[in-house]
Amino acid sequence: MFRRGRSMVSRLVLWADSEGEYSHVGVIVRHEGEVLVVHAEPGERFEDGYVRAEPVDSFLAPVRATAWALYRPVEELDSAETALLGEAALRHVRERTPFDAALDTRDSGRLYCTELVIELYRATSRDLAIPVRRFEFLGQFREVVLPADIAQNRLFRYVMGFPGQDSVPGTEVAF
């Protein structure tokens, strides 16, 4: 689940990726009858964020998002893979895995949004094989993966989004 956010961080991500449509990404999981988006997000103080789970309608609330899109793997996950991905996602939520404010792909103890998605797919033994980009920000070079790198990956397909043909989904959307 991708969104284009309204925050300053969202604007920085979109500035860094002039071809990208979205500034943030998470993974949809079902837990105790609820459809949730698990995502890594900065806190009020950038470095205070962590992996969290929230209902889809909260993740896509108009005060937080100007656009969204749902993508699925071209090759659907089977039930065992879905369970592995969900368990790994919820483990990060329970452990409150810290947000990777340094955007350091070598630090596995902290995750930013795209790192989380890549790690969760690895839990299913699927390697997304998304190359990192070398990016300069404030005089420092980082190797990063941006939301567009996942959205444009040949292993995923667009399902629906807004603006477009769809309205903002609640839990009634069949995920």
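Up top is the structure these notes are about.
Computed from a predicted model, the values in this text were never measured in an experiment.

**Regarding the sheet that holds strand S4 (residues 34-41)**
Phase 1 of the analysis: Judged by pairing direction, the sheet is antiparallel, and its three strands sit side by side in the order S3-S4-S5 without closing on themselves. The outermost strands of the open sheet, each flanked by one partner alone, are strand S3 (27-31) and strand S5 (50-55). For this sheet, the mean angle separating the axes of adjacent strands, direction not counted, is 35 degrees.
Phase 2 of the analysis: With five bridges connecting them, S3 and S4 associate as antiparallel partners. Along S4, the bridge assignment pairs isoleucine 28 with valine 37.
Phase 3 of the analysis: Taken strand by strand, helix H3 (residues 79-95) contacts S3, S4 and S5, and its axis lies near 90 degrees from that of S3.

**A closer look at a nonpolar patch on the surface**
Phase 1 of the analysis: Together, Met8, Leu12, Trp15, Phe137 and Leu138 line one region of the surface with nonpolar side chains, adding up to about 570 Å² of accessible area.
Phase 2 of the analysis: The leading source of residues in the nonpolar patch is helix H1 (residues 8-16), at three residues.
Phase 3 of the analysis: Along the chain, tryptophan 15 turns up in helix H1.
Phase 4 of the analysis: Note on tryptophan 15: relative accessible area 56%, which makes it exposed.

**Some remarks on the side chain of arginine 3**
Phase 1 of the analysis: Tracing the backbone through its elements, the reader meets arginine 3 in strand S1 (residues 2-5).
Phase 2 of the analysis: Taking the relative accessible area as the measure of exposure, arginine 3 reaches 5% and is therefore buried.
Phase 3 of the analysis: A polar contact is formed between the side chain of arginine 3 and the side chain of glutamate 41, at a distance of 2.6 Å.

The rules behind these values
- Residues numbered from 1 in each chain as written.
- Predicted model: local features only at pLDDT ≥ 70, side-chain atom pairs only at ≥ 80, totals over all residues.
- Heavy atoms only, no water.
- Pairing = 2+ DSSP bridges.
- Helix = DSSP H or I, 4+ residues; strand = E, 2+ residues; numbered from the N terminus.
- Axes fitted to C-alpha atoms, helices over the stretch in contact; angles between N-to-C directions.
- Contact = heavy atoms within 4.5 Å.
- Patch = residues over 30% accessible without salt bridge, like charges linked within 9 Å, V, L, I, M, F, W, Y side chains within 5 Å.
- Areas by Shrake-Rupley, 256 points an atom, 1.4 Å probe, with all protein chains shown as cover.
- Salt bridge = Lys/Arg side-chain N within 4 Å of Asp/Glu carboxyl O.
- Buried < 20%, exposed > 50% of the residue type's maximum accessible area, 1.4 Å probe, protein only.
- Polar contact = N/O pair within 3.5 Å; in protein donor to acceptor, adjacent residues only side chain to side chain.

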